[in-house]
Protein chains: 4
Amino acid sequence: MKAVRLHEYHRQPVVEQVPEPRATGPFDVVVKIGGAGVCRTDLHIIEQQWAEKSGVRLPYTIGHENAGWVHEIGPGVSTVEVGDTVILHPTPTCGLCHACRAGDDMHCENSAFPGIDCDGGMAEYLLTSARACIKLDRGTEPADVAALADAGITAYHAVRKAVPLLYPGTVCVVNGAGGLGHIGIQSLRALTATTVVVVDRNPEALKLAEQLGADETVLADGAQVEAVLDLTAGHGAEVVLDFVAEQGAQQDAFAMTRRGGSHFVIGYGGNLDIPAIDLISTERTVVGNLVGTYNDLVELMVLAQAGRVTLHTRKYPLDAALDALADLDAGRVRGRAILTP
Amino acid sequence: MKAVRLHEYHRQPVVEQVPEPRATGPFDVVVKIGGAGVCRTDLHIIEQQWAEKSGVRLPYTIGHENAGWVHEIGPGVSTVEVGDTVILHPTPTCGLCHACRAGDDMHCENSAFPGIDCDGGMAEYLLTSARACIKLDRGTEPADVAALADAGITAYHAVRKAVPLLYPGTVCVVNGAGGLGHIGIQSLRALTATTVVVVDRNPEALKLAEQLGADETVLADGAQVEAVLDLTAGHGAEVVLDFVAEQGAQQDAFAMTRRGGSHFVIGYGGNLDIPAIDLISTERTVVGNLVGTYNDLVELMVLAQAGRVTLHTRKYPLDAALDALADLDAGRVRGRAILTP
Amino acid sequence: MKAVRLHEYHRQPVVEQVPEPRATGPFDVVVKIGGAGVCRTDLHIIEQQWAEKSGVRLPYTIGHENAGWVHEIGPGVSTVEVGDTVILHPTPTCGLCHACRAGDDMHCENSAFPGIDCDGGMAEYLLTSARACIKLDRGTEPADVAALADAGITAYHAVRKAVPLLYPGTVCVVNGAGGLGHIGIQSLRALTATTVVVVDRNPEALKLAEQLGADETVLADGAQVEAVLDLTAGHGAEVVLDFVAEQGAQQDAFAMTRRGGSHFVIGYGGNLDIPAIDLISTERTVVGNLVGTYNDLVELMVLAQAGRVTLHTRKYPLDAALDALADLDAGRVRGRAILTP
Amino acid sequence: MKAVRLHEYHRQPVVEQVPEPRATGPFDVVVKIGGAGVCRTDLHIIEQQWAEKSGVRLPYTIGHENAGWVHEIGPGVSTVEVGDTVILHPTPTCGLCHACRAGDDMHCENSAFPGIDCDGGMAEYLLTSARACIKLDRGTEPADVAALADAGITAYHAVRKAVPLLYPGTVCVVNGAGGLGHIGIQSLRALTATTVVVVDRNPEALKLAEQLGADETVLADGAQVEAVLDLTAGHGAEVVLDFVAEQGAQQDAFAMTRRGGSHFVIGYGGNLDIPAIDLISTERTVVGNLVGTYNDLVELMVLAQAGRVTLHTRKYPLDAALDALADLDAGRVRGRAILTP
């Protein structure tokens, strides 16, 4: 089969032939990929940012945002059948460790993360497990929803954690209205009655944000912190969801957070540098966020199938993977780029 | 009356005569001070660390950790009477803003903070309000419990926030076993069944920690992060309570925190510098902590009166305030120094 | 002034002249009533259901759902001024007991409940306290929002407690779409993405429910439990909000609740009779609900002023109070009857 | 092998020969039983109380509280090996439904409950799954800990749910100090600093309760509700854990619960009959409780292995199963009866 393989850091991946995976373990599932999302993390992988953390051996197939159809199942699989349409939680987990038993999928002690630390979904077929499969209505087109498998779940998970803080009368800043941010806005609209203030340096992203339900938009032209303080009587926001967290956005995001408020870090790339006295004298919390749980994705699919979360996607054939990566890197993608093998 | 007054930053306060405060407002309470704690924050005030944040005008009376006897009450006060023994919550709050109505005293929009932004308790009398007074058994000696009014409540508040994370089988690191830390250890013992690991660079502090119920102690000799990782099968602790947060301890504290874990910042002085990728790839949370609520102090007094939290104090007459400050600065105080006007 | 006074249980109240109240205590506030809601609880008071619980001495003025304009303030009041438009939390609380300090207004140990245990708001003026006043925009008409002061806050409070249980994919049954229920439906729509199923025996109430955003409606014609089970694949609902709780509705509500689900009791009049084995073998929870907190009402006013919660009211002059009570008793009121003194 | 089999309701089970179970599915585990607890629920099964709820077909083997050694494993099992000492969570769950994915084992949509709805552990061998096994230190004697597998986890689970309500200064009533209650007392001591008041009609059970850390004991001689009210300044307890819930104890337990408090129902047999007005005017909550999660049992084993929860057991050979049931029924068992096949 064809797959998008990274052979060397700081060089482009190549599209090449590799053997198809097989379902050999009792809970293995091989999925024929219908849509594989292209993510800023793929660029960061190529740039070697994840090399040490993932420990992956090159070459390998990237792609950690996948949906498709069940192609082959192991003998113990009872929850999906060959032919089922599925979206995949990013990490096939063990189901047996303390974290799994608490529903905390991302902290499974024995999980793999296809596309990060083993072969991923920018390919015709992907090996995963029954625990990663969420069965969808037969009519769902995998390429239409694949972006929910990573961008979507990540934005939703952060919003879900923030919900108890976002009672009516509060303000939530969405810092960055790109692939994740625009799902974050819609999730906030669905789950809360908070006032949503969206900050971005791209005026077109702000226009989309308004259409998706932002109450206020702020152009990140250098005075964005002051603008947010002005909108909040000088206090800042109860919650700031920082989908950027690089190039100083992470410092701005903290500065936009109110006394007693919470700064959710979802993007990455920059360093947070905070005097402890600033943390303690205002009692703010900084919350790291990593993808989400299987049930988060189930819930997000409910919102998606009810039309409450919609995606802007641009599709590319698998052979055009490098074009998709280049378009993303150059800021030419509105919403999410999806490979359709 | 006599009071310990700061006239100029970076110079020692002076003990001098000032007029006694009077209870003029309906909820005013004047307290005859029985014990006024001496805190590292007093040193930081003198060093001008709080000048901008507090906006206080010099000269003023320091001392933000107080207990004593009710001396005079305003006409609307019904909860305490002249002669009652009281410990004082540090901030007389308004009781009417959103934060107060949610029980979130430290984020009152209209509170004063005697000893920080107005005249404090290193004096014969202190002006506060009915909302700050917690009535104690008549037999309680104010000087014996005053340290609970700031050091105690601050440590207890952080532990209280951490309790839901500290189920049996977890590990909690107490970073720093000084004035706050030793109350933190006892609060953890009273409220959880977690394994308590105490880190300090002072072997005598570690001995005291063991007596107070620490399960493990680690000498902070440069290899303390590795030692904590060794004690936790390489994972780190579910919760790290950092009572130091300066001179690099804050970075160690983050490094000791497990995937999905929480790093509580209670001390201050240093800067936290964390790559966003480290926060998100492990989904850790950094929690700022500021003193505590009125009810926190009520609860802590329950533990104290049951003998489950005990204090090590050293008493000085008010005239010896400068000696107490000097002893604290030089590391010559075990437990807490208390002025007894 | 004129007031609606109950002189004897099981007899109609009378509209008669009484002295105006005065603001004598430091935090007293006298409000000129602009709107006083008429509630089923007023009927229950007349029927003597509350006599033992409230311990009120007759005669007294009823009316526990009030809004108006500040008429006179005590010397310690700083948060409202004469002339301000206000809606009133039902219970002027002490602000000093453990419950108040935790934001738990309804469990204040020293509160009064005007209209229940002392003179209420079916009068030209009402004596309350600064702690009960929520200042509104000058343009707000008290009679338009008064129903939020008791019916509204009660429905909202129950919804607010249920929010953490109502993630996407869940079902919430609203049992009874009358005065409280129709605010409950709108609050659910604003705060959650749950599927809302409304049950009522009145087809017109169900029509209104649909307009307010109900996903499904069920006519309570005797087969309502089966209908809810059918809509939920035989499982029942994660949450049932029972705004009726009399004449068997309370038993139905429990029967509509799923394994692990929660049955919120908001109405009253009937007895709950549940075998303990049914509670434990399914691990259901039964949640009593009483009005709500001051902050609940603040939040609800945010929703109301954003147009997300709207009220259906019918206004009566104070002199027509008995007509209003009779109309309510006979089921002739759509939404809420409001007296406008 | 030998097994204790129920052939007919309202008649004693018989000890007879049946075929040994085999591990045929990928995650099957056959455990050689070292200890099988005898529970009041076994009596209730014989009395036909569970017949309709469980739908079990007779004859079958009872026993739902088991520990032993792994005897045979299916091909997909990686977490335990033959020879491992294990304690068993009562329900082998699917690991794939929404409840399992949320860590909510007792509400698995596809679980079995050996000893309730299929063959249980009063036998030489038991068929369960890898998901039910908790590996213990090799030196642990299964018969010494078996009682934690059902009585223990059930008491612990209720306490764990109550912990957030039980801050210092609160009171928790333990109603019934038998097999479950005495574990409840110890769990409260380990996890909270609440004041523990134990109610029982047996003076010897109260003596044991005192040794285990009860702060107060109350003899249930008819005046137990008044006694609890007297101990709580007339308010009642923030939490009542009712381990009895039959013969009127369930009504007493509700009456002992404070305004805003929670009544946890753990035992069963009686009916709760509560006027809705009593629930709502005091805003109390009634909480059903069913066994506990896998992680609850893991946590409880941590407490047990640290010596913080100890058990009183009396051992019987498997052949003496009927004696054990008779002794339990007659109130002749202190702590828990354990069969040792």
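Residues numbered from 1 in each chain as written. Chains lettered and ligands numbered in written order. Predicted model: local features only at pLDDT ≥ 70, side-chain atom pairs only at ≥ 80, totals over all residues. Heavy atoms only, no water.

- The name an unreviewed UniProt entry assigns to chain A is Alcohol dehydrogenase, from the organism Amycolatopsis bartoniae.
- Taken directly from UniProt, the Cofactor (unreviewed entry) text for chain A runs: "Zn(2+)".
- The UniProt entry for chain A carries the following text under Sequence similarities (unreviewed entry): "Belongs to the zinc-containing alcohol dehydrogenase family." (UniProt positions renumbered as here; feature names shortened; annotations may be inferred.)

### A few points about the interface of chain D and chain B
Next, step 1: In this complex, chain D contributes 14 residues to the contact, which on the side of chain B involves 15 residues.
Next, step 2: Counting every contact that joins chain D to chain B gives 0 residue pairs in polar contact (both at pLDDT 80 or more).
Next, step 3: Broken down by secondary-structure element, the contributors of at least two residues to the side of chain D that touches chain B are α5 (151–162), α6 (181–191) and α11 (294–305) of chain D.
Next, step 4: No other element matches the 3 residues that α11(D) contributes to the side of chain D that touches chain B.
Next, step 5: Residues belonging to the side of chain D that touches chain B are distributed by class as follows: 9 nonpolar, 2 polar and 3 charged. (Contact = heavy atoms within 4.5 Å. Polar contact = N/O pair within 3.5 Å; in protein donor to acceptor, adjacent residues only side chain to side chain. Helix = DSSP H or I, 4+ residues; strand = E, 2+ residues; numbered from the N terminus. Nonpolar A, V, L, I, M, F, W, Y, C, P; charged D, E, K, R; others polar.)

### Comments concerning the confidence of the model for chain A
Next, step 1: Looking at chain A, the pLDDT average stands at 96 and 100% of residues meet or exceed 70.
Next, step 2: Note on the complex model: pTM 0.97, ipTM 0.96. (pLDDT = per-residue confidence, 0-100.)

### Quick look at the UniProt feature "domain: Enoyl reductase (ER)" (unreviewed entry) in chain A
Next, step 1: According to UniProt, the positions carrying the feature "domain: Enoyl reductase (ER)" (unreviewed entry) are residues 10–339 of chain A.
Next, step 2: Segment residues 10–339 of chain A splits into 29% helix and 26% strand. End C-alpha atoms: 21 Å apart.

### Here we look at α6(D)
Helical geometry note: an α-helix holds 3.6 residues per turn, so side chains three or four residues apart project in the same direction.
Next, step 1: Counted residue by residue, α6(D) has 10 buried out of 11 residues, so it is predominantly covered.
Next, step 2: Of all the positions in α6(D), only Gly181(D), His182(D), Ile183(D), Gly184(D), Ile185(D), Gln186(D), Ser187(D), Leu188(D), Ala190(D) and Leu191(D) are classed as buried. (Buried < 20%, exposed > 50% of the residue type's maximum accessible area, 1.4 Å probe, protein only.)

### Remarks on the relation of the copies chain D and chain B
Next, step 1: When chain D is fitted to chain B, the residual RMSD is 0.0 Å, and the transformation amounts to a turn of 180° plus an axial shift of 0.0 Å. The transformation just described matches what one would write down for a two-fold rotation axis.
Next, step 2: Most of the interface of chain D is mirrored in chain B: 100% of its interface residues are interface residues there too. (Least-squares fit on C-alpha atoms with pLDDT ≥ 70 in both.)

### Details of the interface of chain B and chain A
Next, step 1: Across the contact, 40 residues belong to chain B and 40 residues belong to chain A.
Next, step 2: Surface buried jointly by chain B and chain A totals about 3,200 Å² across both partners, of which 54% is contributed by carbon and sulfur atoms.
Next, step 3: As a salt-bridge pair, Asp278(B) and Lys53(A) come within 2.6 Å of each other at their nearest N and O atoms.
Next, step 4: The interface formed by chain B and chain A holds 25 residue pairs in polar contact (both at pLDDT 80 or more) in total.
Next, step 5: For the side of chain B that touches chain A, the elements supplying multiple residues, two or more each, are α5 (151–162), β13 (257–265), β14 (271–275), α10 (276–282) and β15 (285–288) of chain B. (Buried area = accessible area lost by both parts, 1.4 Å probe. Salt bridge = Lys/Arg side-chain N within 4 Å of Asp/Glu carboxyl O.)

### Brief notes about helix α6 (residues 181–191) of chain B
Next, step 1: Burial runs high along α6(B): 11 of the 11 residues are buried.
Next, step 2: Taken together, the buried positions of α6(B) are Gly181(B), His182(B), Ile183(B), Gly184(B), Ile185(B), Gln186(B), Ser187(B), Leu188(B), Arg189(B), Ala190(B) and Leu191(B).

### Remarks on the sheet that holds strand β2 (residues 14–17) of chain C
Residue and element names in this part refer to chain C.
Next, step 1: The strand order across the open sheet formed by 3 strands is β2-β1-β4, and the pairing between neighbours is antiparallel. Two strands lie at the open edges of the sheet, namely β2 and β4 (60–61), each paired on one side alone.
Next, step 2: Sheet analysis places strand β1 (residues 2–6) next to β2, joined by 4 bridges and oriented antiparallel. Among the inter-strand pairings, Lys 2 is bridged to a residue of β2, identified as Gln 17. (Pairing = 2+ DSSP bridges.)

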